[in-house]
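# Examination of the molecular architecture
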Amino acid sequence: MATRYHIEQYCRITNGRISKNGALVFESAETEFSAFIKTAYKTLGIAYSKFFKMDSLSKLALVAADLLLVEEPEKNMALVFSNNASSLDTDRKHQQSIQDPDGYFPSPAVFVYTLPNICMGEISIKHRLFSENSFFINNRFLADNLFDYTNSLLAMQKAEKVLCGWVDFDHGKYDAFLYVVAKNGTFTHSKESINQLYQTI
Amino acid sequence: MTDLKLELKEKIIEQLNLEDVSVAEIGDKDPLFGEGLGLDSIDALELIVMLDKDYGIKLADPKEGKQIFESVETMAAYITSKKAG
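This one's a predicted model, so the numbers in the text were calculated from it and none came from an experiment.

Next up on the list: the overall build of chain B. Each helix and strand in chain B was counted, giving 4 helices and 0 strands. Counting from the amino terminus, chain B carries its helices and strands in the arrangement α-α-α-α. Counting only C-alpha atoms, chain B reaches 35 × 25 × 20 Å along its principal axes. Residues counted as buried form 35% of the 85 residues belonging to chain B. Of all intrachain contacts in chain B linking residues separated by at least 6 positions in sequence, the fraction that spans at least 24 positions is 54%. Carbon and sulfur atoms form 50% of the exposed surface of chain B, whose accessible area is close to 4900 Å². Mean positive and mean negative side-chain charge positions of chain B (10 and 19 charges, respectively) differ by 8 Å.

What follows concerns the layout of surface pockets. Of the pockets and cavities examined, the largest pocket occupies roughly 860 Å³. Tallying contributions element by element places helix α2 (residues 41–55) of chain B first for the lining of the largest pocket, with 6 residues. Partitioning the lining of the largest pocket into residue classes produces 17 nonpolar, 8 polar and 14 charged. Taken as a whole, the second largest pocket spans an internal volume of roughly 290 Å³. Lining the second largest pocket are 16 residues, with A:S49, A:K50, A:K53, B:L18 and B:L37 positioned closest to its centre. For the lining of the second largest pocket, the class distribution of residues is 7 nonpolar, 3 polar and 6 charged.

Opposite the 11 residues of chain A that make contact, chain B presents 13 residues. In this assembly, chain A packs against chain B so that about 1000 Å² is buried in total across both faces, 60% of it on carbon and sulfur atoms. Counting every contact that joins chain A to chain B gives 3 salt bridges. Between chain A and chain B we count 5 residue pairs in polar contact (both at pLDDT 80 or more) in total. Those elements that place two or more of their residues in the side of chain A that touches chain B are α1 (33–43) and α4 (108–111) of chain A. In terms of residue class, the side of chain A that touches chain B is built from 7 nonpolar, 1 polar and 3 charged.

Residue and element names in this part refer to chain B. A contiguous patch of negative charge, built from D3, E7, E10 and E14, is present on the exposed surface. On the secondary structure map, E7 appears in helix α1 (residues 2–15). Classification of E7 as partly exposed rests on a relative accessible area of 33%.

On to the side chain of A:T114, then. Assignment of secondary structure puts A:T114 in the loop between α4 and α5 (118–127). Among the polar contacts made by the side chain of A:T114, one reaches the main-chain carbonyl oxygen of A:F111 at a distance of 2.6 Å.

Attention shifts here to α1(A). Residue and element names in this part refer to chain A. Residues F33, F36, I37, A40 and Y41 constitute the buried set of α1. Buried residues along α1 cover an arc of 130° about the axis, so they all sit on one side. The inward-facing, buried residues of α1 abut β1 (6–14), β2 (17–20), β3 (23–27), α2 (56–69), β6 (161–170) and β7 (173–182). Just downstream of α1 lies G45, where phi reads positive at about 70°.

Let us now look at the environment of A:D66. All names here are of chain A. Relative to the helices and strands, D66 is located in helix α2. Residue classification places D66 among the buried positions, given a relative accessible area of 6%. Between the C-alpha atoms of D66 and A85, which are 19 residues apart in sequence, the distance is 22 Å. Not counting residues up to four positions away in its chain, the partners in contact with D66 are I46, K126 and H127. Here K126 takes part through its side chain, which lies 2.8 Å from a polar atom of the side chain of D66.

This part covers the nonpolar core. All names here are of chain A. Counting 40 residues, the largest nonpolar core has I13, F51, F81, L163 and L178 as its most contacted members. Within the residue set of this core, elements represented by two or more residues are β1, α1, α2, β4 (77–83), α5, β6 and β7. With 10 residues, α2 is the largest single contributor of residues to this core.

Each pair of aromatic rings is reported with the distance of its centres and the angle of its planes. Residue and element names in this part refer to chain A. With the rule as written, the count across this model stands at 16 aromatic pairs over all chains. Taken together, a centroid distance of 6.5 Å and an interplanar angle of 50° make the contact between F33 and F36 tilted. Here F33 and its partner F36 are both found in helix α1, 3 residues apart, which amounts to about one turn of the helix. Between F36 and Y174, the aromatic rings sit 5.1 Å apart at their centres with planes inclined by 25°, giving stacked as the arrangement. Highlighted residues: F36 in helix α1 and Y174 in strand β7, separated in sequence by 138 residues. Taken individually, F36 and Y174 each receive the classification buried, so the pair is uniform in this respect. Ring pairing ties together the aromatic residues F26, F33, F36, F169 and Y174, which thus form one cluster.

So, how was this worked out
- Each chain has its residues counted from 1, running along the sequence as written.
- Ligands are numbered from 1 and chains lettered from A, in the order in which they are written.
- Where totals are concerned, whole chains, interfaces and linings use all residues; where local detail is concerned, this predicted model gives features only for residues with pLDDT of at least 70, and gives and counts side-chain atom pairs only at 80 or more.
- Computation of side-chain values covers all heavy atoms of the structure but excludes hydrogens and water.
- By the criteria applied, helices consist of DSSP H or I runs no shorter than four residues and strands consist of E runs no shorter than two, each listed in order from the N terminus.
- Only protein chains enter the area calculation, which uses a 1.4 Å probe; residues under 20% of their type maximum are buried, those over 50% are exposed, and those in between are partly exposed.
- By definition, residues are in contact when any of their heavy atoms lie within 4.5 Å.
- Note on areas: these come from Shrake-Rupley sampling with a 1.4 Å probe, and a residue is covered only by the protein chains present in the view.
- Under this rule, positive means Lys or Arg and negative means Asp or Glu; His and the chain ends count for nothing.
- Charge coordinates come from a single atom per side chain, which is NZ of Lys, CZ of Arg, CG of Asp or CD of Glu.
- Grid points spaced at 1 Å over the protein atoms alone were grouped into cavities, where a 1.4 Å probe fits but cannot get out, and pockets, open sets with protein on both sides within 12 Å along at least five of seven lines, with lining residues defined by an atom within 4 Å of a point.
- Grid points are joined across faces, edges and corners, and a volume is the space filled by probe spheres set on the points.
- Think of it as three bins: nonpolar holds Ala, Val, Leu, Ile, Met, Phe, Trp, Tyr, Cys and Pro, charged holds Asp, Glu, Lys and Arg, and polar takes everything else, Gly as well.
- In short, buried area is how much 1.4 Å probe accessible area vanishes from two parts on joining, totalled over both.
- What makes a salt bridge here is a side-chain nitrogen of Lys or Arg within 4 Å of a carboxyl oxygen of Asp or Glu, nothing more.
- N or O atoms within 3.5 Å of each other form a polar contact, as long as, within protein, one can give a hydrogen and the other can take it, and as long as residues adjacent in sequence are counted only when both atoms are side-chain atoms.
- Patch members must show over 30% relative accessible area and no salt bridge, and they are joined within 9 Å when carrying like charges or within 5 Å when they are nonpolar side chains of Val, Leu, Ile, Met, Phe, Trp or Tyr.
- Directions pointing from the helix axis toward each C-beta atom define the arc.
- By nonpolar core we mean a set of buried residues, namely Ala, Val, Leu, Ile, Met, Phe, Trp, Tyr and Cys, connected to one another through side-chain atoms within 4.5 Å.
- Aromatic pairing here means that ring centres of Phe, Tyr or Trp (its six-membered ring) are within 6.5 Å. Orientation follows from the plane angle: under 30 degrees is stacked, over 60 is edge-to-face, and everything else is tilted.

Shown next, in the form of structure tokens:
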């Protein structure tokens, strides 16, 4: 199927490496995600007052999104994210805090992150986006779903651009691949190019 | 009371994840919300849970929180009064 849209820029965060448009922008030998993302946040000069209060999924998503949005003037940008683990990592923390009836002390700060789409809210707050957003749960990274939904949003003029991709965190393992789809860009927006960019970074 | 204030400052930093704040930077009378530490509504709920979990004090009326959580000093005074009572 022919497409009118293009991938403008993309980024990936996984296994201690952060890249933007195929170029390495940060690398760390830290094996713990919390230490890795904290160092990345400071090194990349990101500023968001709530950063250290967020859960791991939101930290991962915010850093990935910031790489692509920090110089982005377009505010009519939809967000279409997906992952496998939903917010399970935070869900478990909340579950542990309410497991014991005699020690029932749920943390409000943990509870507010027991939905995966909260990370899109954090991105929207930081970058002042008031646009459409959707979060899909899939077994694995599926370019088809993202491609179809993104094309639909753009074709229906729900947004000028779409920030989309995969943001997954569970058991300390993390993988983020975000890209911006717009009318103009370096790569043709196709299922093949999405898969290629995801697999080759 | 001084030990309790120090303890509260340490707990606030740890439980509210105030990454770039040290105990020395929190004055006893500094406002915790607004222009002070800049805590928000979720932080307020965390402080209510902290009072319950760590000091066995349940706030009967959430409206009391505004006065109790004004500063570390007011929190310490409230905890001390509840323990004495």
